[in-house]
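# Overview (structure and organization)
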Amino acid sequence: TAEHNEDHHLQVLKESETLLQAKRAELEKLKSQVTNQQQEMAALDRQLGHKKEELHLLHESMVQAKADLQEALRLGETEVAEKCNHIREVKSLLEELSIQKGELNVQISEKKTQLALIKQEIEKEEENLQVVLGQMSKHKTDFLQ
């Protein structure tokens, strides 16, 4: 009976040892899996860090681009306002010049009229002078005869 109990205990011990070996193998396998997963996690953490840095740089770039665009828009609006003011000034100047041109055209027309009258007077005076010269010449010839 003692031998049978001892055999039975040995059998139980062998089964326990086999079971223990299986559990150790399973534990090693799990440890290996955990190590692999930890390595994967570390790699994923590094990738996440890189992606966060990229996102940060892209965000900064976007903020800078937006600021640049706002500045360009502000400068453009300022330039447009300046051009509009310049256009208004030029239009005003053109209107003044147009008025002056009209006034000058009136003056020129008046001067032309005066010139025509003066020419007519000169022609009349020349005719009178010719008549006088003719009479003087006639009197001279009469006088000399």
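Residues numbered from 1 in each chain as written. Predicted model: local features only at pLDDT ≥ 70, side-chain atom pairs only at ≥ 80, totals over all residues. Heavy atoms only, no water.

### What to know about the overall build of the chain
The condition that has to hold: The secondary structure listing takes helices from DSSP runs of H or I that are at least 4 residues long and strands from runs of E that are at least 2 residues long, numbered from the N terminus. To get the radius of gyration, use the C-alpha atoms; to get the globule rule, take the number of residues to the power 0.38 and multiply by 2.2 Å. Only protein chains enter the area calculation, which uses a 1.4 Å probe; residues under 20% of their type maximum are buried, those over 50% are exposed, and those in between are partly exposed. Residue exposure ignores everything except the shown protein chains as possible cover, and the areas themselves are Shrake-Rupley values with a 1.4 Å probe.
The number of helices and strands found in the chain is 1 helix and 0 strands. Its C-alpha radius of gyration of 60 Å places the chain more than 25% over the 15 Å reference for a compact globule of 145 residues. In terms of overall dimensions, the chain has C-alpha extents of about 205 × 25 × 15 Å along its principal axes. Out of the 145 residues in the chain, the part that is buried amounts to 0%. Accessible surface for the chain amounts to roughly 13,900 Å². Of this, 59% is attributable to carbon and sulfur atoms.

### Here we look at the UniProt feature "coiled-coil region" (unreviewed entry) in the chain
Note the threshold: UniProt positions are given in the numbering used here, feature names are shortened, and annotations may be inferred rather than shown by experiment.
Per the UniProt entry, the sites bearing "coiled-coil region" (unreviewed entry) are residues 10–54 and 87–135 in this numbering. The annotated region residues 10–54 carries 100% helix and 0% strand content, and the separation between its end C-alpha atoms amounts to 64 Å.

### Focus on the pattern of salt bridges
What counts, and what does not: Just to be clear on terms, a salt bridge is a Lys or Arg side-chain nitrogen sitting within 4 Å of an Asp or Glu carboxyl oxygen.
Per the stated rule, a full pass over the model turns up 2 salt bridges. For Glu28, the salt bridge identified is with Lys31, shortest N-O distance 3.9 Å. A residue pair is termed a helical-turn pair when its members lie 3 or 4 positions apart in one helix, as Glu28 and Lys31 do in helix 1 (residues 2–144) at 3 residues. Overall, Glu28 belongs to the partly exposed group, its relative accessible area being 48%.

### What about a nonpolar patch on the surface?
As a reminder, the rule being used: Residues qualify for a patch when their relative accessible area is over 30% and they have no salt bridge, like charges being joined within 9 Å and the nonpolar side chains of Val, Leu, Ile, Met, Phe, Trp and Tyr within 5 Å.
Taken together, the side chains of Val90, Leu93, Leu94 and Leu97 make up a nonpolar region of the molecular surface, amounting to roughly 340 Å² of accessible area. Topologically, Val90 is positioned in helix 1.

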